[in-house]
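One letter stands for each residue in the lines below.
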Amino acid sequence: IPDVLALDRLAPEPEMLALLDALCRTGSARQAATTIHRHHSTIQARLEHARATLGFPLDTPEGRFRLYLALVLRRLRDNQ
């Protein structure tokens, strides 16, 4: 699944998956930053890099839902 493979490319980056998971759970970059104990301005570039790698927006409900599904599928794959 292309979205899962894109997450695999992002996974080696420190805290990237935790950031993306927090974004899905909170619905905003600012709240996601708080969740992972980072200042919101420091994660904007990381989220833009993730968006470019994934190929879809992360600032829409649809994009966050697609990201959430990809994260769930990745977890299911890795926990078999």
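Our structure's up above, just so we're on the same page.
Residue numbers here run from 1 along each chain, matching the order of that chain's written sequence. Two thresholds apply to this predicted model, a pLDDT of at least 70 for residue-level local features and 80 or more for giving and counting side-chain atom pairs, whereas whole-chain, interface and lining totals are computed over all residues. The basis for every side-chain value is the complete set of non-hydrogen atoms in the structure, without hydrogens or water.

(A) Structural view of the nonpolar core. Among the buried residues, those of types Ala, Val, Leu, Ile, Met, Phe, Trp, Tyr and Cys that are joined through side-chain atoms within 4.5 Å form a nonpolar core. Classification of residues uses two cut-offs on accessible area relative to the type maximum, computed with a 1.4 Å probe and protein chains only: under 20% is buried, over 50% is exposed, and between them is partly exposed. Judged by nonpolar contacts, the single largest core of 22 residues is most densely connected at Leu7, Leu20, Leu47, Leu54, Leu58 and Leu67. Strands are runs of DSSP state E lasting at least 2 residues, helices are runs of H or I lasting at least 4, and numbering of each runs from the N terminus. In terms of residue count, helix 2 (residues 16–26) provides more of this core than any other element does, six residues in total. The contact criterion used throughout is that any non-hydrogen atoms of two residues lie within 4.5 Å. Leaving out residues up to four positions away in the same chain, Leu58 has contacts with Leu20, Leu23, Leu47, Ala50, Arg51, Arg64 and Leu67.

(B) Region of the structure containing the pattern of salt bridges. A side-chain nitrogen of Lys or Arg and a carboxyl oxygen of Asp or Glu constitute a salt bridge if their distance falls within 4 Å. A full pass over the atoms with the stated rule returns nine salt bridges. Measuring nitrogen to oxygen at the nearest pair gives 2.7 Å for the salt bridge that ties Arg74 to Asp8. Taken as a pair, Arg74 in helix 5 (residues 61–78) and Asp8 in helix 1 (residues 2–10) lie far apart in primary sequence, 66 residues in all. For Arg74, a relative accessible area of 16% corresponds to the buried category. Residue classification places Asp8 among the partly exposed residues on the basis of a relative accessible area of 24%. Close ionic contact of Arg75 with Asp21 constitutes a salt bridge, the shortest N to O distance being 2.9 Å. Here Arg75, found in helix 5, pairs with Asp21, found in helix 2; they are 54 residues apart in sequence, far enough to count as distant. Judged by relative accessible area, Asp21 falls into the buried class, the value being 17%. Members of the salt-bridge network, linked through shared partners, are Asp8, Arg74, Arg77 and Asp78.

(C) Spatial organisation of helix 5. Take the residue count of a helix, subtract one, and multiply by 1.5 Å to get its expected span. Given a rise of 1.5 Å per residue, 18 residues ought to cover 26 Å, and the 26 Å separating the end C-alpha atoms of helix 5 matches this to within 8%. For helix 5, the complete set of buried residues consists of Gly63, Arg64, Leu67, Ala70, Leu71 and Arg74. The buried side chains of helix 5 occupy one side of the element, clustering within an arc of 120 degrees when seen end-on. Seen from the buried face of helix 5, the exposed residues on the opposite side, beyond 90 degrees, are Pro61, Glu62, Phe65 and Leu76. Packed against the buried residues of helix 5 are helix 1, helix 2 and helix 4 (40–54). In this context, the arc is that of the directions from the helix axis out to the C-beta atoms.

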